[in-house]
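In case you want the letters, here they are:
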There are 2 protein chains.
Amino acid sequence: MIDRRALYSLDKRQRVALVNSLPGFKPVVLVGTVNADSLTNLCVINSCFHVGADPALIGMIIRPAPQGTERHTLENILATKMYSFNAVTRAMAQRAHHTSARFSRDRSEFDACGFTKQWHEDFVAPFVSESPLQLGLKLAEHLLLTVNDTHLIIGSIEHIHVCDQSQRDDGTLDLQSMDIVAGVGLDSYHAVTKGQRFTYAKPDKPPELI
Amino acid sequence: MIDRRALYSLDKRQRVALVNSLPGFKPVVLVGTVNADSLTNLCVINSCFHVGADPALIGMIIRPAPQGTERHTLENILATKMYSFNAVTRAMAQRAHHTSARFSRDRSEFDACGFTKQWHEDFVAPFVSESPLQLGLKLAEHLLLTVNDTHLIIGSIEHIHVCDQSQRDDGTLDLQSMDIVAGVGLDSYHAVTKGQRFTYAKPDKPPELI
């Protein structure tokens, strides 16, 4: 058992690595933005989560910017109100990880990391052409979490770009068929197996396999 | 392309299924709580996410409770301030899914779904004995998101229960070796493959495999 005392006695890097592993498997998403000077930015995040379906909302966490650091993605979202989420496949994982490096403001991670910008009609933010699942999002809520000065950004889903073959008749997406990866911590990317689906759960009997 | 109009024209069940698939692979966690009458509760969530490592914080989303519905987990967390997160393995997936059924308040999902309660010293909330990764959490922040009346619950990590073999020297956890699953949408559970880890990213060269 690791209690508070043991956790906060760890070397800082070990604590960061451990705590980032604790939520389990996480989504891996490339966030595409642009600034007022038309400079594009791309950054990998693994803190994105479902907020609601009606209206359709997705959230993410962006770390605070202590004095002297820059948060290009946050600044661009607050300036333009628009951003894209692009799911990451196995073939994209190494390049996606590279976007977490500290590139200077005038250097686009699209070019530096080897991704192709894609533009969709009526949308100011760039998408990642290599991604099989792209979302166009509009800023819907921005909160500063008092507990650690982290930014919570919630976006409404305006566009969904996904190939028809990956969508099942019931509305669900077959993410495994798109070779999308699951993340762990800050540095680990995993393909998934086919998996199991279960029927809507009712109290009186165990759910069945679909 | 699915735009806003197409999204909101979908049958409600299809829209819920689609939107829940959009974030990508998600953590699957059983939340253990207890109420003032010592009745235990267990509920599966897939909206948990990393908030920060220092202090160590994890967040989750709990849906609003329209008139007439009950949110046992939320009520218990607000009453006792303590709750547990328990990672879900492949062997636990069907039973974990079953906890999403609407059980009455006086029926514990531990018993109804076939999980074993485990108690750790100095902690009021129950843990899931079958889970290889258990976290004891203390309520740190509770926000109502105005965008859709959803509850954001952030907890500080007080205890971590995990076997030593699954923790690497650098602090990271090997979740794949524990057979923990990744979720999609509301009904899909996937084992993951071994995966790839990359070195800390720097601008001047692509990250390398660890």
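What counts, and where the lines are drawn
- Residues numbered from 1 in each chain as written.
- Chains lettered and ligands numbered in written order.
- Predicted model: local features only at pLDDT ≥ 70, side-chain atom pairs only at ≥ 80, totals over all residues.
- Heavy atoms only, no water.
- Contact = heavy atoms within 4.5 Å.
- Salt bridge = Lys/Arg side-chain N within 4 Å of Asp/Glu carboxyl O.
- Polar contact = N/O pair within 3.5 Å; in protein donor to acceptor, adjacent residues only side chain to side chain.
- Helix = DSSP H or I, 4+ residues; strand = E, 2+ residues; numbered from the N terminus.
- Nonpolar A, V, L, I, M, F, W, Y, C, P; charged D, E, K, R; others polar.
- Buried < 20%, exposed > 50% of the residue type's maximum accessible area, 1.4 Å probe, protein only.
- Least-squares fit on C-alpha atoms with pLDDT ≥ 70 in both.
- Pairing = 2+ DSSP bridges.

Some thoughts on the interface of chain A and chain B
Okay, so step 1: Taken together, the contacts link 96 residues of chain A with 96 residues of chain B.
Okay, so step 2: In this assembly, chain A and chain B are joined by six salt bridges.
Okay, so step 3: Linking Arg15 of chain B and Asp54 of chain A is a salt bridge whose minimum nitrogen-to-oxygen distance equals 2.8 Å.
Okay, so step 4: At the boundary of chain A and chain B, one finds 42 residue pairs in polar contact (both at pLDDT 80 or more).
Okay, so step 5: Counting residues per element, the side of chain A that touches chain B draws most heavily on helix H2 (residues 12-21) of chain A, which supplies ten residues.
Okay, so step 6: When the residues that make up the side of chain A that touches chain B are grouped by side-chain class, the tally is 51 nonpolar, 27 polar and 18 charged.

Topic: the pattern of salt bridges
Okay, so step 1: One pass over the structure, following the stated rule, counts 16 salt bridges over all chains.
Okay, so step 2: Between Arg4 of chain B and Glu158 of chain A there is a salt bridge, and its shortest N-O distance comes to 3.1 Å. Of this pair, Arg4 of chain B sits in helix H1 (residues 4-9) while Glu158 of chain A sits in strand E11 (residues 150-162), on two different chains.
Okay, so step 3: Residues Asp170 of chain B and Arg197 of chain B are paired through a salt bridge, measuring 2.8 Å at the closest nitrogen-oxygen approach. Residue Asp170 of chain B is found in the loop between strand E11 (150-162) and strand E12 (182-184), and its partner Arg197 of chain B is found in strand E14 (residues 196-197); the two are separated by 27 residues along the sequence.
Okay, so step 4: When its relative accessible area of 32% is taken as the criterion, Asp170 of chain B is described as partly exposed.
Okay, so step 5: When salt bridges with common partners are traced through the structure, they connect Asp170 and Arg197 of chain A together with Asp187 of chain B into a single cluster.

Thoughts on the relation of the copies chain A and chain B
Okay, so step 1: When chain A is fitted to chain B, the residual RMSD is 0.0 Å, and the transformation amounts to a turn of 180 degrees plus an axial shift of 0.0 Å. On this basis, the relationship between the two copies can be described by a two-fold rotation axis. For chain A, the smallest separation between a C-alpha atom and the rotation axis is recorded for Val192 of chain A, amounting to 2.0 Å.
Okay, so step 2: Most of the interface of chain A is mirrored in chain B, where 100% of its interface residues are also at the interface.

Thoughts on the sheet that holds strand E13 (residues 188-190) of chain A
Okay, so step 1: Strand order across the open sheet formed by four strands is E2(A)-E12(A)-E13(A)-E14(B), with antiparallel pairing between neighbours. The open sheet terminates on both sides in strands that have one partner only, identified here as strand E2 (26-27) of chain A together with E14 of chain B.

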